[in-house]
Amino acid sequence: MLLDQATRILVQGITGREASAMTEDMLAYGTPILAGVTPGKGGQQVCGVNVFDTIAEAQASQRCTASIVSVPAPSVLDAASEAIAHGITLLLIMTERVPRLDTARLLCRARAAGCTVIGPNTLGLIRPGIAKMGTIGGRIDNVRQSFKPGRVAVLSRSGGMTTEIASFLSSRGIGQSIAIGVGGDPMIGADFCDLVDQLENDPSTDAVVIYGEPGGFAEERLAERLIHKPSRLRINAFLSGRFVDELEGVRFGHAAVIVERGRGSVRGKITALKKAGVFVADTFDEIITGLPA
Amino acid sequence: MRLLEHQAKRLLGGFGLPFSPSMLVTSAVQAERAAASLNGSVVLKAQLPFGGRGHIGAVLFADGPHDAREVASRLFAMEPRGCPVRLVTVEPRVTFTRELYVGVAWDGAARLPVAILSTAGGIDVERAGETEVARITFDPFTGLRAFQGRQMARSLGLTGRTVAGIGAVLEKLTAAFLQLDGVTTEINPLAETTDQALVGLDAHVEIDDDAVYRLKERLAPLGAIETHSAGRAPTALEVDAQRIDAMDHRGVAGRVVEFDGDLALLIGGGGASLTVFDAIRRYGGRPANYCEVGGNPTEEKVAALTELLLGKPGVTKLAVIMNVVNNTRADVMARGAIEGVKRAGRVPKEAISVFRIPGSWEPEARAILAEAGIEALGREVSLDAAARLAVQRSHHAA
């Protein structure tokens, strides 16, 4: 499922302050980070990882399959295109506020090449006890405390809430097979619907917890998909921002969180998900209802 | 970022899209002169940053200069949704046989731009039936080709010169959408005149806020672009909070939305803020504000925000609640909050109802809070339970 011991990871923008700290944490968690790329910094090392000027050079020796993009927003389309052109099949874009046109263009290239894109504006994903990509969970001791191996997948539109939900599940004895921050930008790659499709075939996952927010229609799209194609997975959802329904046109938090002309309301999302057989938690604490330990 | 009609027409006109001549005026006297120069029946439109102007009487017709002056004075006296009318356009009244709609937007499911054509243009386009609308997603690198636009026109039964006209308009409109980093570019109505020429009577352009950095040159000739949140104007407290958040670029301690309750909230990150705000209200609490803290803000920013929120008249208590933090330091939050409470002239252990920030630097935060007589809540207390506790304790205070 997306990330395992066989995944070979490179970090684009590895010499940046945040990216190098992140690399240290990922390595400490046992994540196979095999190369870094920063144009102009070829030949350096970050936490013992070799830095190359181009992915072409990195791939000559490393044959990476996944990349983490941590570059400024104006460079994301170029960096992602470079990764896709060199055989990367899992692309995690951490950068936030990427122009929508650039995201649409890189997603076109990714689709054509069969590459899965997580983000933009994601803190990353983790398979507890196996590996993690991105800053998800923060420092290593916090990651180990919050995320425990198990059989429940967490999909969240908020990076912070990914950790909060995992930590809550762990404290109730419920481990996670994978936890993914899907990204907070208005246009993202894999959404709830795409990821549930993938989890459907993942033998390590029995149930999914979804954290949704106002704005967009990822929750509605998932509901539609579940009506057409019922899932073997137990799916619980929690949606925050009910009060945003009363404040049309006001933007909150993630750039995607806005209710416009009645679209994207939490009320509408809850109705759609319930109709599709999803258990929708009224309070945060109810997200564990019916989950297998 | 939504542009005003006259700005949208100017930008789209630059791509060769057809619009009727339009004169921008700032007073009723100017409107009279403009109408005189246009000679005949005119339409006057208040320039407002939202749609549906026809429904609120912000688009009016006038017969001749004198009438135009009177109509313009009525428009300049309007202040719909708190937006005073400062600019009005005066245009010749176009006679047409049909009102079409052409627009480009993002198809969220396909993650592709989509071109839309409707034969039911005008003010009620949102009620157009399925047989009156053609949609096609297109390549975000190349835009739509004219022939695809002609096919759309034919699929809706359009005939004659209009078919070729629609092809040309859609090719240009999609090019404009891509080059302007559009969220929406639309012409509505696109009038079909008696000789089957097409002319745009109104335009709407919204630009991606995250792409404005690369559009500076294109937008410069448009003059000042006022950004309006579609909601109300910011309150004094919200403006102060923005100023605090802008003190330095480290982290976020702001994005305040004011409410009229008695419980101040210092909450974060974004998702947890939404969660906690809902929970506070569910348990009968009355929030004085919404806010977002995250990305490891400085102690000074946290202190200034705390002082502002707690200092608001009628506020009795402050609840500090965040999700398990990855990157924000709980100890910095603790020091900032305590300092802010003191600056507001309050005693920390009385003013702070709950403090729940598990995660990085949590033990240090616990020690700082203990010294001030406050017991920090850990991750075993859920966001929901922390919110409930905050409400219970604020009720005891009242």
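Details of the structure are given in the entry above.
What comes next concerns the included structure. (Residues numbered from 1 in each chain as written. Chains lettered and ligands numbered in written order. Predicted model: local features only at pLDDT ≥ 70, side-chain atom pairs only at ≥ 80, totals over all residues.)

Description of the overall build of chain A
Counted only if it meets this: Under the scheme used here, helices are H or I runs from DSSP no shorter than 4 residues and strands are E runs no shorter than 2 residues, and both carry numbers assigned from the N terminus. Remark: residues whose backbone-derived C-beta atoms lie within 7 Å of one another are considered to be in contact.
Looking only at helices and strands, chain A has 9 helices and 14 strands in total. Considered along the principal axes of its C-alpha atoms, chain A spans approximately 55 × 40 × 30 Å. The long-range share in chain A, meaning contacts at least 24 apart out of those at least 6 apart in sequence, stands at 71%.

Observations concerning the interface of chain B and chain A
Formally: Amino acid classes used here: Ala, Val, Leu, Ile, Met, Phe, Trp, Tyr, Cys and Pro are nonpolar; Asp, Glu, Lys and Arg are charged; the rest, including Gly, are polar.
If you look at the interface, chain B gives 42 residues, while chain A gives 47 residues. If you list the elements that add at least two residues to the side of chain B that touches chain A, you get β6 (112-118), α8 (270-282), β13 (289-294) and α13 (383-397) of chain B. At 11 residues, the largest contribution of residues to the side of chain B that touches chain A is made by α8(B). Counted by class, the side of chain B that touches chain A contains 16 nonpolar, 15 polar and 11 charged residues.

Digging into the environment of Pro72(A)
Mapping Pro72(A) onto the fold places it in the loop between β5 (66-69) and α3 (76-85). Taking the C-alpha atoms as reference points, Pro72(A) and Arg139(A), separated by 67 residues in sequence, lie 23 Å from one another.

Describing the sheet that holds strand β3 (residues 45-46) of chain A
Pairing between sheet strands relies on hydrogen bonds along the backbone, with the strands arranged either parallel or antiparallel. All names here are of chain A. Quick note on the threshold: Think of it this way: DSSP has to see at least two bridges between two strands before they count as a pair. Axis lines are fitted through C-alpha atoms, for helices just across the contact stretch, and the angle between N-to-C directions can take any value from 0 to 180 degrees.
Read across the sheet, 7 strands follow the order β3-β4-β2-β1-β5-β6-β7 without closing on themselves; strand pairing throughout is mixed. Strand pairing shows two members of the sheet lacking a second neighbour, β3 and β7 (116-118), which therefore form its edges. Taken together, the 4 bridges between β5 and strand β6 (residues 90-93) define a ladder with parallel strand orientation. Note that in β6 the partner of Ile68 across the bridge is Leu92. Strand contacts of helix α2 (residues 55-62): β1 (9-12), β2 (33-37) and β4 (49-52), with the helix running at about 160 degrees to β2, the strand carrying the most contacts. This element, α3, spans β1, β5 and β6 of the sheet and lies at about 165 degrees to β6.

Concerning the pairing of β6(A)
When a strand is regular, its side chains alternate between the sheet's two faces. Residue and element names in this part refer to chain A. Convention followed: Residue burial is a threshold on neighbouring C-beta atoms within 10 Å of the residue's own C-beta, all placed from the backbone, with 20 or more meaning buried, 12 or fewer meaning exposed, and counts in between meaning partly exposed. For a crossover, the right-handed case is the one in which the path from the first strand over the helix to the second runs clockwise, viewed with the strands pointing away from the viewer.
In β6, alternate side chains face the same way, and those of Leu90 and Leu92 on one face and Leu91 and Ile93 on the other are all buried. For the crossover from β5 across α3 to β6, the handedness is right-handed. In the sheet, β6 pairs with β7 via 3 bridges, with the strands oriented parallel. Paired with Leu90 across the two strands is Thr116, which belongs to β7. For the crossover that starts at β6, traverses helix α4 (residues 100-113) and ends in the parallel β7, the hand is right-handed.

Section: the packing of helix α9 (residues 299-310) of chain B against helix α10 (residues 330-343) of chain B
All names here are of chain B. Operational definition: Here the word oblique covers every angle except those under 35 degrees (roughly parallel), over 145 (roughly antiparallel) and from 65 to 115 (roughly perpendicular). Helix crossings get a hand from a simple test, with the near helix turned counterclockwise from the far one by less than a right angle marking a left-handed crossing and a clockwise turn marking a right-handed one.
As a packed pair, α9 and α10 sit with axes 7 Å apart at the nearest point and diverge in direction by 40 degrees. In terms of axis orientation, α9 runs oblique to α10. For α9 against α10, the interelement crossing comes out right-handed. Residues Glu299, Val302, Ala303, Ala304, Leu305, Thr306, Glu307 and Leu310 of α9 form the contact with α10, whose own contacting residues are Val332, Met333, Arg335, Gly336, Ala337, Glu339, Gly340, Val341 and Arg343. In terms of residue class, the contact of α9 with α10 is built from 9 nonpolar, 3 polar and 5 charged.

Overview of the packing of helix α2 (residues 28-38) of chain B against helix α3 (residues 64-76) of chain B
Packed helices, taken two at a time, are described by their axes: the angle between them and the distance between them. Residue and element names in this part refer to chain B. Packing of α2 against α3 leaves a shortest axis separation of 8 Å and a crossing angle of 145 degrees. The handedness of the crossing between α2 and α3 comes out as right-handed. Along the contact surface, α2 presents Ala28, Val29, Ala31, Glu32, Ala35 and Ala36, while α3 presents Gly64, Pro65, His66, Ala68, Arg69, Ala72, Ser73 and Phe76. A breakdown of the residues in the contact of α2 with α3 according to their chemical character gives 9 nonpolar, 3 polar and 2 charged.

Looking at the sheet that holds strand β13 (residues 234-239) of chain A
Residue and element names in this part refer to chain A. Ordered in space as β9-β8-β11-β10-β12-β13-β14, the 7 strands form an open sheet in which the pairing is mixed. For this open sheet the edge positions go to β9 (131-134) and β14 (279-281), each flanked by a neighbour on one side alone. Across the sheet, the mean angle separating the axes of adjacent strands is 15 degrees when strand polarity is ignored. The pairing of β13 with β14 spans 3 bridges and is parallel. Looking across to β14, one finds that Ala237 is bridged to Val280.

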